[in-house]
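Per-entry structural report
Single-letter residue listing:
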Amino acid sequence: MPFMRILVGLFIGLLGPFAPAHAERNEVQVHPFPNPIRYTHHNDDFTVRVRVPGGGWKDLYEYKVKVDLDNPSDASMVHFNFDGTVELAIQKNNGMFSKVAVRPESKGLKPVVKDGIAYVTLQRPENLSIEFDDDRRHNLHVFSHAIRRDMPVTAEQSSNDIAAGQTPDLSQKTVFFGPGVHSGEFRLRSGSTVYIHGSAILKNPLILDGVENVKVVSDGLFDSVEMTTIRNARHIEIDGPIFINQPHGTLRCVNSQDLTERNIRTIGAGKWSDGLGHFACERVTITDSFIRTSDDCLTFYNHRWDIWGDTRDIDVSRTTLWADIAHAVMIGIHGNTPSPAHPKAEVLERLRFSNLDILDHDEDDPEYEGALGIMAGDDNVVRDVIFENIRVERIEEGKLFSLKIAYTAKYNTSPGQSVENITLRNIHYSGKGSPSASLIAGRNAERKVRNVVIDNVTVGGKKLTRPEMGTLEINEFVEDVQFR
C-alpha cells in the first residue's frame, strides 16, 4: 500500500498544471458590516445570501448605492470573497417580477428562479449587475474576489463588534486598516504596503503624492470620499478597493508612471463623477475592474490646470464599463495649446483597450457622444490606439464610437492636431434599436484623421463595410479608412 501511495503521488505530480481545477476547496468569506452604518447604508430592496454548495447560507449586507445623476436612484451592492464555487440566493423584496438578467451577458450566467428567489452559481469571482424586469437603476451589483491569503488575519467578529476603526500608523512599511470606520488624512509613504480589511470603511481618500513603490491591497470600501489621488508617483499598485457614493470622481492619476489599477469596483452618481482619470501618465495597466459612473468611466488627458506632459503606453483589459452619463472611454480632449511659456504640443500614444463589456452609454449632447470616444483637442496628437474585442450591450442615447478632431468652447483653446493609426476590431453592439451614427471627422485640411481600420465591427448584427447615413458618417477631412 505505501508503494501504491507513492505511485499515485508521482502520477499527480506529473499531472502538474493539468491536474483537475475542481480539486480546489470551496470556501466563502463574508465581511461583517461596521455597526455605525447598520441603518444609514442599508438598502432592503433585496435580501442576498451566499453559500458553498451544500453548506449553510450566509447573509450579506446590502449597501445602498447612488446611481445615474440624470435620474437619481438607489441601487444595491453586496461584496464577498470566495474560492471554488458558490451559490447566490437573491430575494426581491418589493413587488413581483417576471424575469431576471445577469450582466455582462458575455459571462453566460443564467439565474434559476424557484419560489420567487433567483439563484446564481459562480465558479469564479465576477463583478456583475443583476436586474429584475430590466430595472437598471434599482439593480443589485455583486462584487466578488478570490480569498486573499496575504490579508492580515483578525479574530472572527460580528457587525456588533465593529465600530470605530483604529487608524494605523502610516509611517510604517506595512499598514493595516482593520474592521471599522476610519477617518483622517491617509497620506502614504514610499515603499509601503497597505492592507484594507473587507469590514473596513474609509471616509477619506488615500493620497499618494511624490511616492514610489507603494502597494494597496483592499477588500474594503471607500464611502462618500473625494478622489484618491496619485500624483508625481512611480511604481504604484492599487488592487481591490470598492468605491461608493463619491461626490465626484474615483481616482485621479497625475504625472505618474508604472501604475497598476486592478480589481477596482466603483459606483458613482455625483456631478463630474469620472471613474479612473489620468492626466499625463505613462505605462498604466487597468484590468479586472467594474466602473459605473455618471461621467466618463475611463479618461486619458494631457495638460489641464497645473499638469503638463504626454500620455503613453496604456493597457486596459477584462473590465466592465457603465456610463449612466457620458463615455465609457474618453481620450484626448485636454492638452496644451502651444504658448511662449509652454511651446510644446502634447501626444497621447500607444493606448490599447481589449476584452471590455460596456453595459450602457447615455449622452444627451451630440457633441460628446461616443461609447468609445477620441476627441483630440488643444493641439493634441492622438495616435496608435487599438480597440478590440469589445461588447456593447445598450446605448440609451449616443454613438458606438466617435473619432474626431475636437474644438469645444467650454474646454478647448484650439482644435487637436491629428488622430492617426486607429484600429477598431471585433466590436459588437448587440442592443436593441439603433444608436446615432458613429463618426470619424477631421477639422480641416491641416487637422485630419488618418489611417483608421474598421475590422469586424457590427451594429445590431450588421457589419460596417462603408460610410452609410444613419450608421457611420465620415467627413472630407479623413484619409485612408479601411474596412475588413
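This text follows the structure it describes.
The rules behind these values
Residues numbered from 1 in each chain as written. Predicted model: local features only at pLDDT ≥ 70, side-chain atom pairs only at ≥ 80, totals over all residues. Heavy atoms only, no water. Helix = DSSP H or I, 4+ residues; strand = E, 2+ residues; numbered from the N terminus. Rg over C-alpha atoms; globule rule 2.2 N^0.38 Å. Buried < 20%, exposed > 50% of the residue type's maximum accessible area, 1.4 Å probe, protein only. Contact = heavy atoms within 4.5 Å. Areas by Shrake-Rupley, 256 points an atom, 1.4 Å probe, with all protein chains shown as cover. Lys, Arg positive; Asp, Glu negative; His and termini not counted. Charge placed at Lys NZ, Arg CZ, Asp CG, Glu CD. Salt bridge = Lys/Arg side-chain N within 4 Å of Asp/Glu carboxyl O. Pairing = 2+ DSSP bridges. Core = buried A, V, L, I, M, F, W, Y, C linked by side-chain atoms within 4.5 Å. Phe/Tyr/Trp six-rings, centres within 6.5 Å; stacked < 30°, edge-to-face > 60°.

Considering the overall build of the chain
Tallying secondary structure elements over the chain gives 1 helix and 41 strands in all. Relative to its length of 484 residues, the chain is compact, with a C-alpha radius of gyration of 24 Å against a globular reference of 23 Å. Counting only C-alpha atoms, the chain reaches 80 × 60 × 50 Å along its principal axes. A buried classification covers 55% of the 484 residues belonging to the chain. Pairs at least 24 residues apart make up 66% of the contacts formed inside the chain by residues separated by at least 6 positions. Entry remark: accessible area of the chain is about 20,200 Å², with carbon and sulfur atoms responsible for 49%. Averaging the coordinates of the 54 positive side-chain charges in the chain and doing the same for the 67 negative ones gives two points 3 Å apart.

Observations regarding the pattern of salt bridges
In total, this model carries 42 salt bridges according to the counting rule given. With its nearest N and O atoms 2.8 Å apart, the salt bridge here joins arginine 391 to aspartate 357. Of this pair, arginine 391 sits in strand S34 (residues 381-392) while aspartate 357 sits in strand S32 (residues 347-361), and the two are 34 residues apart along the sequence. With relative accessibility at 4%, the residue aspartate 357 sits in the buried group. With its nearest N and O atoms 3.9 Å apart, the salt bridge here joins glutamate 468 to arginine 466. The structure contains a network of salt bridges with shared partners spanning Glu282, Asp310, Arg312, Asp313, Lys344, Glu349, Arg350 and Arg383.

Here we look at the sheet that holds strand S14 (residues 186-187)
Reading across from one edge, S14-S17-S20-S23-S26-S29-S31-S33-S35-S37-S40 is the order of the 11 strands in this open sheet, with parallel pairing throughout. Two strands bound the open sheet, and with one partner strand each, they are S14 and strand S40 (472-474). Sheet topology places strand S35 (residues 401-405) next to strand S37 (residues 438-441); 3 bridges connect them, and they run parallel. Within S37, the residue paired with leucine 403 across the bridge is isoleucine 440.

Focus: the nonpolar core
Judged by nonpolar contacts, the single largest core of 73 residues is most densely connected at Leu298, Phe300, Ile331, Phe353, Phe387, Phe401 and Leu424. Apart from the residues within four sequence positions on either side, phenylalanine 401 is in contact with Leu372, Leu424, Ser438, Leu439, Ile440, Ile454, Val457, Leu464 and Leu472.

Brief notes about the packing of aromatic side chains
Aromatic ring pairs are reported here in terms of the distance separating the ring centres and the angle at which the planes meet. This model, assessed by the stated rule, comprises 14 aromatic pairs. When the centroid spacing of 4.3 Å and the interplanar angle of 35 degrees are considered together, the rings of phenylalanine 33 and tyrosine 61 count as tilted. You can see phenylalanine 33 sitting in the loop between strand S1 (27-30) and strand S2 (46-51) and its partner tyrosine 61 sitting in the loop between strand S3 (58-59) and strand S4 (63-67), a full 28 residues away along the chain. This pair shows no difference in class: phenylalanine 33 is buried, exactly as tyrosine 61 is. Seen from their ring centres, phenylalanine 97 and phenylalanine 132 are 4.9 Å apart, and the 85 degrees between their planes marks the pair as edge-to-face. In this pair, phenylalanine 97 sits in the loop between strand S6 (86-92) and strand S7 (100-103) while phenylalanine 132 sits in strand S10 (residues 127-132), placing the two residues 35 residues apart along the sequence.

Focus: the environment of aspartate 455
One can find aspartate 455 in strand S38 (residues 449-459). Considered as a pair, aspartate 455 and glutamate 388 are 67 residues apart in the sequence and their alpha carbons are 9.1 Å apart. Not counting chain neighbours up to four residues away, the residues in contact with aspartate 455 comprise Leu424, Arg425, Asn426 and Arg484.

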